[in-house]
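# Results of the structural survey
Each chain, written out:
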Amino acid sequence: MNTRRYQMSRRADSVTDTGDRIVDALLARFGALPYDRIRLEDVAADAGVSLQTVIRRFGSKAGLVTAMAGRELTRIAGTREQHRGEPATRVVADLVAHYERYGDLILKVYAEAAQVEGLGEIARSGRAYHVQWCEEAFAPALEHLTDASLLRRRRAQLVALCDATTWRILRRDAGLEPAEIETALLELIAPLLAEDDG
């Protein structure tokens, strides 16, 4: 291998690793603190880099937060792609597992989107992805519906039931365990997927 190319590749990997370390440090603080209480100096210290490195790489606190949200949205989409069109039991089980990992982060991004330049756009992209995912994940179970108005209503109901806010109510407010949430969601979703379209 060309020595220069190898050195450039190693340098690029190092830059990527440093960026991921900074984003990971921000992610930990973002999950625990309100946006206005997060300090870049603390993120830099957590990541083991200088404040100048953080600013040079991300420009500002808002730039770092949007980079974190964008990276996590990509990861979220990756995890949710795996079971589209499978039986509702599998779809719901995977959705609950997904929210156990990402639910609080998703809700915090929505709650703080207006405070952070660029975060609102990412939040809107996340919402649009959620709607599309719900429509596609349950599409086989809704194929029997011939009434366009009813189909539109069923899709909207499934989007609402599969929302992170519904998970929060069941998990955080009601204190249900993940297996109980799966059962509760399936009890709510099953009638929507019934063959009777009247």
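A few points on the structure. (Residues numbered from 1 in each chain as written. Predicted model: local features only at pLDDT ≥ 70, side-chain atom pairs only at ≥ 80, totals over all residues. Heavy atoms only, no water.)

### Thoughts on the nonpolar core
Rules: By nonpolar core we mean a set of buried residues, namely Ala, Val, Leu, Ile, Met, Phe, Trp, Tyr and Cys, connected to one another through side-chain atoms within 4.5 Å. Only protein chains enter the accessibility calculation, which uses a 1.4 Å probe; a residue is then buried when its area is under 20% of its type maximum, exposed when over 50%, and partly exposed in between. Numbering of helices and strands runs from the N terminus, with a helix taken as a DSSP run of H or I at least four residues long and a strand as a DSSP run of E at least two residues long. Any two residues whose heavy atoms approach within 4.5 Å at even a single point are treated as in contact.
Formed by 59 residues in total, the largest nonpolar core has its most connected members in Ile 22, Leu 26, Phe 30, Leu 64, Val 65, Phe 138 and Ile 189. Here the element with the most residues in this core is helix α5 (residues 88-112); it accounts for ten residues. Residue contacts for Ile 22: discarding those within four places in its chain leaves Val 43, Ala 47, Val 49, Thr 53, Val 54, Phe 58 and Leu 64.

### Some points on helix α10 (residues 178-189)
Defined as follows: Given the number of residues in a helix, its expected span is that number minus one, multiplied by 1.5 Å. By definition, the arc is the one covered by directions from the helix axis to the C-beta atoms.
The terminal C-alpha atoms of α10 lie 16 Å apart, and with twelve residues this matches the ideal 16 Å at 1.5 Å per residue to within 8%. Residues of α10 that are buried include every one of Ile 181, Ala 184, Leu 185 and Ile 189, and no others. One side of α10 carries all its buried residues, which in axial view fall inside an arc of 130°. Those residues of α10 that are exposed and aimed more than 90 degrees away from the buried face are Ala 179 and Glu 187. Buried residues in α10 make contact with α5, α8 (148-161) and α9 (164-173).

### A word on the packing of aromatic side chains
What counts is decided by this rule: Only Phe, Tyr and Trp rings take part, Trp by its six-membered ring, and two of them pair if their centres are within 6.5 Å. Stacked means planes under 30 degrees apart, edge-to-face means over 60, and tilted covers everything else. Geometrically, a charge over a ring is one whose NZ (Lys) or CZ (Arg) sits within 6 Å of the ring centre while staying within 35 degrees of the ring normal.
Taken as a whole and judged by the stated rule, the model has one aromatic pair. A centroid spacing of 6.0 Å and a plane angle of 35° characterise the contact between Tyr 99 and Trp 167, whose relative ring orientation is tilted. One end of the pair, Tyr 99, is in helix α5; the other, Trp 167, is in helix α9, and 68 residues separate them in sequence. Its relative accessible area of 2% is what places Trp 167 among the buried residues. The cationic tip of Lys 61 hangs over the ring face of Tyr 35; the distance from NZ or CZ to the ring centre is 4.2 Å.

### Considering the side chain of His 98
Within the secondary structure, His 98 sits in helix α5. Accessibility expressed as a relative area gives 5% for His 98, which makes it buried.

### As for the packing of α5 against helix α6 (residues 119-137)
Our working definition: Each axis is a line fitted through C-alpha atoms, and for a helix only the stretch in contact is used; angles between axes span 0 to 180 degrees, taken between their N-to-C directions. Between 65 and 115 degrees an angle is taken as roughly perpendicular, under 35 as roughly parallel, over 145 as roughly antiparallel, and anywhere else as oblique. Each helix crossing is assigned a hand: it is left-handed if the near helix lies turned anticlockwise from the far helix by less than a right angle, otherwise right-handed if that turn is clockwise. Polar here means any residue other than Ala, Val, Leu, Ile, Met, Phe, Trp, Tyr, Cys and Pro, which are nonpolar, and Asp, Glu, Lys and Arg, which are charged; Gly is therefore polar.
Put simply, α5 and α6 touch, their axes get as near as 11 Å, and they point 160° apart. Here α5 is positioned roughly antiparallel relative to α6, judged by the angle of their axes. Handedness of the crossing formed by α5 with α6: left-handed. Residues Val 91, Leu 95, Tyr 99, Val 109, Tyr 110 and Glu 112 of α5 lie in contact with α6, whose contacting residues are Leu 119, Ala 123, Gly 126, Arg 127, His 130, Trp 133 and Ala 137. Taken together, the residues of the contact of α5 with α6 sort by class into nine nonpolar, two polar and two charged.

### Thoughts on the packing of α9 against α10
Two quantities define a packed helix pair, namely the angle between the helix axes and the distance between the axes. Two numbers describe how α9 lies on α10: the axes approach to 10 Å, and their chain directions differ by 130°. Taken together, the axis directions place α9 and α10 in an arrangement best described as oblique. Regarding α9 and α10, the two cross each other, and that crossing is right-handed. Across from Thr 166, Trp 167, Leu 170 and Arg 171 in α9, the residues of α10 making contact are Pro 178, Ile 181, Ala 184 and Leu 185.

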